[in-house]
Amino acid sequence: MSIKYVPEPFRIKMVETIKMLSRKEREQKIAEAKYNVFNLRGEDVYIDLLTDSGTNAMSQEQWAGIMRGDESYAGAGSYFKLVEAGRDIFDYQYIQPVHQGRAGEKVLFGLLMGEGQYAISNMFFDTTRAHVELAGARAIDCVVPEAGDPNLRVPFKGNMDVEKLEQLILKHGPEKIALVIMTITNNSAGGQPVSIRNMRDTAAVCKKYEIPLNIDAARYAENAYFIKQREEEFKDKYIKEIIREMFSYGDMFTMSAKKDSIVNIGGLIGIKNDGELYQLIKGRTISYEGYVTYGGLAGRDLEAMAVGLYEGLDEDYLKYRIGQMEYLAGRLDEAGITYQAPVGGHGVFLDAKAMFPHIPYYEFPGQALAIELYKEAGIRSCDIGSYMLGNDPDTGEQLHAEFEFTRLAIPRRVYTQAHLDIVADALINIKKRADSVKGYRITWEPPVLRHFQASLEPIE
Ligand SMILES: *Cc1c(COP(=O)(O)O)cnc(C)c1O
């Protein structure tokens with residue numbers, strides 16, 4: 001084996017038993033789940049790469065924090081600890097906890113946009129797009145064209161297409177653009193990083209047209225690590241310094257803490273210095289989430305988040321984390337299996353279009369590969385393609401996604417090298433019989449965020 005695996009910078013103190021069902025059982029379970037991986041029970045999954053969201057293993061310091069959590073309804077010590085951590089790392093004046101990322105989107109977006117307006121992002125995450133639409137506005141993706149070619153290895157494939165951004169602003173009129181959102185890392189494009197230079201350029205355009213810039217900040221630490229590796233100017237900076245620089249270009253952020261903050265639940269809204277906006281946010285937090293000083297979380301969750309915000313910055317940890325992705329990607333390179341390359345920060349985004357060229361986008365190649373992975377080795381992954389993208393909110397027509405990915409999201413500090421080898425071996429086996437894999441059709445779907453709930457059947 002020529003690919004080097006970065007050893008875990010921790011040892012294991014608590015274990016959770018997992019087991020693989022037989023192939024016959026797996027085929028039965030996925031059929032019962034109506035070919036929707038979200039309908040599978042956790043216990044029927046052997047290696048769960050559905051998401052890196054809230055699936056992280058907490059440290060002993062975080063678990064100790066769970067015991068220390070202050071459960072006061074108002075003014076809990078854990079709240080102040082969290083606010084201090086947020087101010088210290090991001091250098092924003094106002095930090096509002098919420099129960100997860102989409103709660104932050106719900107609280108914030110309703111204040112900033114409405115009917116007839118648009119939000120533009122390097123790429124919208126699915127819930128972020130949904131909250132723009134629920135607020136009455138429309139979401140426009142504006143990623144650099146390089147992101148569309150999985151085989152093109154460039155350092156910052158998550159970047160905003162700044163020229164196109166300015167064209168879109170002029171086309172619709174600056175007063176119609178309620179918000180620009182920079183997603184770091186760019187989840188939907190494959191966990192691809194955004195450079196500081198691109199953040200600077202994007203912020204300059206926003207400033208020129210007086211449009212606020214929100215950072216969708218779930219993977220703030222992974223993005224900073226990539227900047228340190230790939231952007232010359234920052235190679236000798238601490239991760240925390242890079243994070244402060246990144247956030248200096250935004251006016252506000254929404255964050256799912258279930259990613260780089262290494263907790264199982266939690267989120268944040270950050271406001272750089274707009275006290276009036278913060279006042280409105282407090283009001284909506286109280287209505288939708290809970291009182292300001294707990295934001296829909298238990299005191300213990302605030303405490304674990306305050307610790308996790310810092311643990312995510314540790315460079316030994318980030319080196320191991322990104323190293324896991326590079327290890328798995330390296331094994332796929334050897335086998336000629338394509339993915340969004342270079343590999344991103346939180347998972348390997350397999351190119352399902354390349355694996356199944358005979359399955360058209362409306363028969364969901366990314367979903368087909370996710371189902372094959374479960375049948376092959378009890379691995380749960382998910383579609384990040386046309387199946388996830390859904391229908392046009394105005395015409396109801398199936399949208400054609402830019403990519404057809406199957407995402408292998410890697411939970412933080414959970415799986416080992418041997419698990420990753422099982423994943424690589426499963427993919428190699430599927431590739432051998434790729435011609436015989438069929439597409440899927442939807443038999444039932446809800447109107448919003450359909451991929452979580454829809455029922456499917458194989459096309460015979
Ligand atoms: C996970 C995620 C969200 C939503 O956060 P939840 O905690 O799942 O509600 C928003 N944006 C991005 C980029 C994410 O990865």
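Everything in this summary refers to the structure shown in the same document. Everything quoted here is computed from the prediction, not taken from an experiment.

**Describing the overall build of the protein chain**
Check the secondary structure of the protein chain and you find 16 helices and 14 strands. Taken against the 2.2 N^0.38 rule, which gives 23 Å for 460 residues, the C-alpha radius of gyration of the protein chain at 21 Å falls within 12% of a compact globule. By its C-alpha atoms, the protein chain is 60 × 55 × 45 Å across when sized along the principal axes. Taking the intrachain contacts of the protein chain between residues at least 6 apart in sequence as the baseline, contacts between residues at least 24 apart amount to 73%.

**A word on the packing of helix 2 (residues 60–68) against helix 11 (residues 299–311)**
Look at helix 2 against helix 11: their axes get within 7 Å of each other, and the N-to-C directions meet at 155 degrees. By the angle between their axes, helix 2 is roughly antiparallel relative to helix 11. Here the hand of the crossing between helix 2 and helix 11 comes out right-handed. Packed against helix 2, whose contacting residues are E61, Q62, G65, I66 and R68, the element helix 11 presents R300, E303, A304, V307, G308 and E311 at the interface. Across the contact of helix 2 with helix 11, the residue classes break down as three nonpolar, three polar and five charged.

**Remarks on the site of the ligand**
Around the ligand sit 15 residues in total, of which Q100, R102, D216, S256 and K259 are the nearest. Here an oxygen atom of the ligand and a side-chain polar atom of N187 are 3.1 Å apart. Side-chain polar atom of D216 to a nitrogen atom of the ligand: 2.8 Å apart, as the coordinates give it. Protein chains shield 98% of the accessible area of the ligand, which is 380 Å² for the free molecule. For the shell around the ligand, the secondary structure elements donating two or more residues are helix 4 (101–112) and helix 5 (126–134). Take the shell around the ligand: its biggest share by element is three residues, from helix 4.

**Focus on the pattern of salt bridges**
In the structure shown here, the tally under the stated rule is 35 salt bridges. The shortest N-O distance in the salt bridge between R321 and D52 comes to 4.0 Å. Placement of the pair is R321 in helix 12 (residues 315–335) and D52 in the loop between strand 1 (47–48) and helix 2, with a sequence separation of 269 residues. A relative accessible area of 1% means that R321 is categorised as buried. Accessibility expressed as a relative area gives 0% for D52, which makes it buried. Where D91 meets R244, a salt bridge forms, and the shortest distance between an N and an O atom there is 3.7 Å. Here R244 lies in helix 9 (residues 239–248) and D91 lies in the loop between helix 3 (77–90) and strand 2 (94–98), a separation of 153 residues in the sequence. For D91, a relative accessible area of 46% gives the class partly exposed. Each of R23, E27, E372, K375, E376 and R433 takes part in one network of salt bridges that share partners.

**Description of the side chain of K228**
Mapped onto the elements of the fold, K228 is located in helix 8 (residues 220–230). Residue classification places K228 among the buried residues on the basis of a relative accessible area of 14%. For K228, the side chain forms a polar contact with the main-chain oxygen of K237, separated by 2.8 Å. Looking at K228, its side chain comes within polar contact range of the side chain of E315, at 3.2 Å. Among all residues touching K228, those that are not within four sequence positions of it are F234, K235, K237, I239, I242 and E315.

**Let's talk about the packing of aromatic side chains**
We describe a pair of aromatic rings using the distance from one ring centre to the other and the angle between the two ring planes. For the coordinates displayed, the defined rule picks out 18 aromatic pairs. Summarising the aromatic geometry, the rings of Y5 and Y327 are spaced 5.4 Å apart at their centres and angled 90 degrees between planes, so their arrangement reads as edge-to-face. Taken as a pair, Y5 in the segment before helix 1 (23–32) and Y327 in helix 12 lie far apart in primary sequence, 322 residues in all. You can call Y327 buried: its relative accessible area is 1%. Ring centres 5.0 Å apart and planes at 70 degrees place the aromatic pair Y79 and F80 in the edge-to-face group. Owing to a relative accessible area of 8%, Y79 belongs among the buried residues under this scheme. Residue classification places F80 among the partly exposed residues on the basis of a relative accessible area of 47%. Positioned above the aromatic ring of F125 is the side chain of K259, whose terminal nitrogen or guanidinium carbon lies 5.3 Å from the ring centre. Directly above the ring of Y317 sits R413, whose terminal nitrogen or CZ lies 6.0 Å from the centroid.

**Considering helix 9**
Restricting attention to buried positions, one finds in helix 9 the residues I239, I242, I243, M246 and F247. On an axial view of helix 9, the arc spanned by its buried residues comes to 130 degrees, and they lie on one face. On its buried face, helix 9 is in contact with helix 3, helix 7 (196–208), strand 6 (213–216), helix 8, strand 7 (252–256) and helix 12.

**Re the nonpolar core**
Membership of the largest hydrophobic core comes to 151 residues, with the highest contact counts inside it found for F90, Y220, I243, M246, F247, F253 and L427. Examining the composition of this core, we find that nine residues originate from one element, helix 12, more than from any other. Here this core spans two domains, and each of domain 1 (23–52 + 315–458) and domain 2 (60–311) adds at least three residues to it. Beyond its immediate chain neighbours, meaning those up to four positions away, I243 contacts I89, F90, Y220, A221, A224 and L313.

Cut-off values and rules
Residues numbered from 1 in each chain as written. Predicted model: local features only at pLDDT ≥ 70, side-chain atom pairs only at ≥ 80, totals over all residues. Heavy atoms only, no water. Helix = DSSP H or I, 4+ residues; strand = E, 2+ residues; numbered from the N terminus. Rg over C-alpha atoms; globule rule 2.2 N^0.38 Å. Contact = heavy atoms within 4.5 Å. Axes fitted to C-alpha atoms, helices over the stretch in contact; angles between N-to-C directions. Parallel < 35°, antiparallel > 145°, perpendicular 65-115°, else oblique. Left-handed = near helix turned anticlockwise from the far one by under 90°. Nonpolar A, V, L, I, M, F, W, Y, C, P; charged D, E, K, R; others polar. Near = heavy atom within 4 Å. Polar contact = N/O pair within 3.5 Å; in protein donor to acceptor, adjacent residues only side chain to side chain. Areas by Shrake-Rupley, 256 points an atom, 1.4 Å probe, with all protein chains shown as cover. Salt bridge = Lys/Arg side-chain N within 4 Å of Asp/Glu carboxyl O. Buried < 20%, exposed > 50% of the residue type's maximum accessible area, 1.4 Å probe, protein only. Phe/Tyr/Trp six-rings, centres within 6.5 Å; stacked < 30°, edge-to-face > 60°. Lys NZ or Arg CZ within 6 Å of the ring centre and 35° of its normal. Arc of directions from axis to C-beta. Core = buried A, V, L, I, M, F, W, Y, C linked by side-chain atoms within 4.5 Å. Domains from an automatic or database assignment.

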